[in-house]
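What the coordinates show
Below, each chain spelled out in residue letters.
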Amino acid sequence: MDNATVVARVSESFPRAVVATSEFRGDLSIVLRPEALVNVARFLRDEPGLQYDFLENLCGVDYLGRDPRFEVVYHLISFTSRHRICLKVGLPAQNPTVASLTDLWPTANWQERETYDMFGIIFSGHPSLDRILMPDDWEGHPLRKDVPLGYEEVAFTINQEQIDAHKPYAKE
Amino acid sequence: MGIEQKAGDMGIVTTSLETVVNWSRSNAMWPLLFGLACCAIEMMGAQSANYDLSRFGMEINRASPRQADLMIVAGRVSRKMAPVVRRLYDQMSEPKWVIAMGDCAACGGIFNNYAIVQGVDEVVPVDVYVAGCPPRPEALIDGIVQLHEKVARMKLNGEIREPIKV
C-alpha cells in the first residue's frame, strides 16, 4: 500500500470529496469536504485492499484568523496493510458542524465529546454530545484561541490586596 | 521516666479540661486518605519509614471521611474535582482541619488556567498552608506540627488564642 494508490482510489470513487492532499515524510493527509466525510470513512474502512479498520484518534484544531477556522483531524490505521493516513475536514467559525463517526468506530464517541468540550465543534448524529472533561456548568470552550490563557491575575505584593478582595474564599 | 514518678504515689494528675481535650485531639489526628497529584508522593514519603509521621500520632490514614480529623489536600484541585473535595470536607465530623499542601493547593501554583482551582481555600477553609513544589516531607511535618500548636491554643468554645510571643 502506498500513498498514491490511496489518493487515486479515493478520488476515483469520490471525485468531489477531496479538497487537497499533502505528504510529509511519507505520511499522507487528505483534506475532505465535511459533507463527504462519513462516506469516505466508510469506504476506507470497508473497501477490500484498503481496510483502515482502526480510528487511532481524532481531535480539533483552531486556526484563528483562517477560513475555515476549525479543523477536525482523524488518524486511521490499516492493520492488514500496515499503513496510516490522516483525514482532515475544515469547518467554519459560525456553527462548526460535522457528522459523527460513532457509527463506524465506537471509539469516536468519547473523543468527539472531548473535541466538542474543548472547541465547541458539533458532531451531528452523536448519541450523547455532552461535556466530558469540564464541569457541566462551564461556559465556553477552553481550547479556542480567543479564550484568555490565564485564569487569575498573578499576585505580587503590589496587587495582592485587590486580588484578595474579590477572591471567593470558602466559608466553614 | 513515666508520669507516675512525677505525680508521686497519689495516682492523681490535675490539669485543665481544655488541655486534655487539645492534647488528645492533636496527638491522634488522623488524616483522610486521598492524594490528588504529585504532592501525594511526598505525603506518602512523610508517612513511611525515613520520616515516620507516626511519631506525631498520625500514622493511620482513614479511608472514610467520617473517621478522619484532618484533610491534607496534596496536589492541584481541578474544577471538576472541587465539588468532590467539598463534599468530603462536609462529610468529615467536627472538629476538622485542612492543610493545603504544596503551591497548587495553596494558590494554584504554576497552573493559572481554566482547569485548576486557584487555591483550595476557594473550596474549603484552610488552616495551614505548606509551600513547596512539592514540599519536602520535613516541610509537611513542620506544617502538621504548626497545626498541632494551633489546636493546642483552641478554647473549648472553638475560638483560637493568639500565640504567645516571646
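Residues numbered from 1 in each chain as written. Chains lettered and ligands numbered in written order. Predicted model: local features only at pLDDT ≥ 70, side-chain atom pairs only at ≥ 80, totals over all residues.

With that out of the way, let us pick up the interface of chain B and chain A. Taken together, the contacts link 12 residues of chain B with 13 residues of chain A. Here the side of chain B that touches chain A is composed, by residue class, of 4 nonpolar, 4 polar and 4 charged. (Contact = placed C-beta atoms within 7 Å. Nonpolar A, V, L, I, M, F, W, Y, C, P; charged D, E, K, R; others polar.)

The next thing to look at is the sheet that holds strand E2 (residues 97-101) of chain B. Residues and elements named next belong to chain B. Across the sheet, which stays open at both edges, the 3 strands sit in the order E1-E2-E3 with parallel pairing between neighbours. For this open sheet the edge positions go to strand E1 (70-74) and strand E3 (128-130), each flanked by a neighbour on one side alone. Averaged over all neighbouring strand pairs, the angle between strand axes comes to 20°, with direction disregarded. Relative to E3, E2 runs parallel, the two being bridged by 3 bridges. Looking across to E3, one finds that alanine 100 is bridged to tyrosine 129. The sheet contacts of helix H6 (residues 137-152) involve E2 and E3, and relative to E3 the element is tilted by about 170°. (Pairing = 2+ DSSP bridges. Helix = DSSP H or I, 4+ residues; strand = E, 2+ residues; numbered from the N terminus. Axes fitted to C-alpha atoms, helices over the stretch in contact; angles between N-to-C directions.)

Residue and element names in this part refer to chain A. Within the fold, valine 7 resides in helix H1 (residues 3-13). Separated by 23 residues in the primary sequence, valine 7 and isoleucine 30 have C-alpha atoms spaced 7.9 Å apart. Other than its neighbours up to four places away in sequence, valine 7 contacts Thr21 and Ile30.

Turning our eyes to something else, we now look at the nonpolar core. Counting 41 residues, the largest nonpolar core has Met71, Val73, Val77, Ile99, Ala100, Met101 and Val120 of chain B as the members making the most contacts within it. When neighbours within four sequence positions are excluded, valine 120 of chain B is seen to be in contact with Val73, Val77, Val85, Ala100, Ala105 and Val126 of chain B. (Core = buried A, V, L, I, M, F, W, Y, C linked by C-beta atoms within 7 Å. Buried ≥ 20, exposed ≤ 12 C-beta atoms within 10 Å, placed from the backbone.)

What follows is about the sheet that holds strand E4 (residues 70-78) of chain A. Residue and element names in this part refer to chain A. Strand order in this open sheet of 5 strands is E1-E2-E5-E4-E3, and the pairing throughout is mixed. Looking at strand neighbours, the two that pair on one side only are strand E1 (18-24) and strand E3 (54-62), the edges of this open sheet. On average, each strand axis in the sheet is tilted by 20° relative to the strand beside it, whichever way the strands run. Bridging between E3 and E4 involves 8 bridges; their strand directions are antiparallel. By the bridge assignment for E4, valine 61 is matched with glutamate 71.

Further remarks concern the packing of helix H2 (residues 17-27) of chain B against H6 of chain B. For any two helices packed against each other, the geometry is given by the interaxial angle and the distance between the axes. Residue and element names in this part refer to chain B. Their axes nearest at 9 Å, the elements H2 and H6 cross at an angle of 160°. Looking at the two axes, H2 sits roughly antiparallel to H6. When you trace H2 past H6, the crossing you get is right-handed. Residues Asn22, Arg25 and Ser26 of H2 form the contact with H6, whose participating residues are His148, Val151 and Ala152. (Parallel < 35°, antiparallel > 145°, perpendicular 65-115°, else oblique. Left-handed = near helix turned anticlockwise from the far one by under 90°.)

All right, on to unusual backbone geometry then. The residue after glutamate 94 of chain B, namely proline 95 of chain B, is reached through a cis peptide bond having omega -5°. Residue cysteine 133 of chain B is joined to proline 134 of chain B through a cis peptide bond whose omega torsion reads -15°. Residue arginine 25 of chain A is not a glycine yet carries a positive backbone phi of 50°. Relative to the assigned elements, arginine 25 of chain A resides in the loop between E1 and strand E2 (27-32). A positive phi angle is found at asparagine 95 of chain A, which is not glycine, with a value near 50°.

This part takes up helix H2 (residues 37-46) of chain A. One turn of an α-helix holds 3.6 residues; hence residues three or four places apart share an orientation. All names here are of chain A. Among the residues of H2, Leu37, Ala41 and Leu44 are the ones counted as buried. Across the axial projection of H2, the buried residues extend over an arc of 65°, all falling on one side. Packed against the buried residues of H2 are E2, E4, strand E5 (83-91) and strand E6 (97-99). (Arc of directions from axis to C-beta.)

The side chains of a regular strand alternate between the sheet's two faces. Residues and elements named next belong to chain B. In terms of burial, E1 is largely enclosed, as 5 of its 5 residues are buried. Of the two faces of E1, both are covered, the one formed by Leu70, Ile72 and Ala74 as well as the one formed by Met71 and Val73. As defined by bridge partners, E1 adjoins E2 across 5 bridges and the pair is classed as parallel. Residue pairing for E2: alanine 74 is matched across the bridge by methionine 101. Since E1 and E2 lie parallel, the crossover through helix H4 (residues 82-91) that links them has a hand, and here it is right-handed. (Right-handed = clockwise from strand over helix to strand, strands pointing away.)

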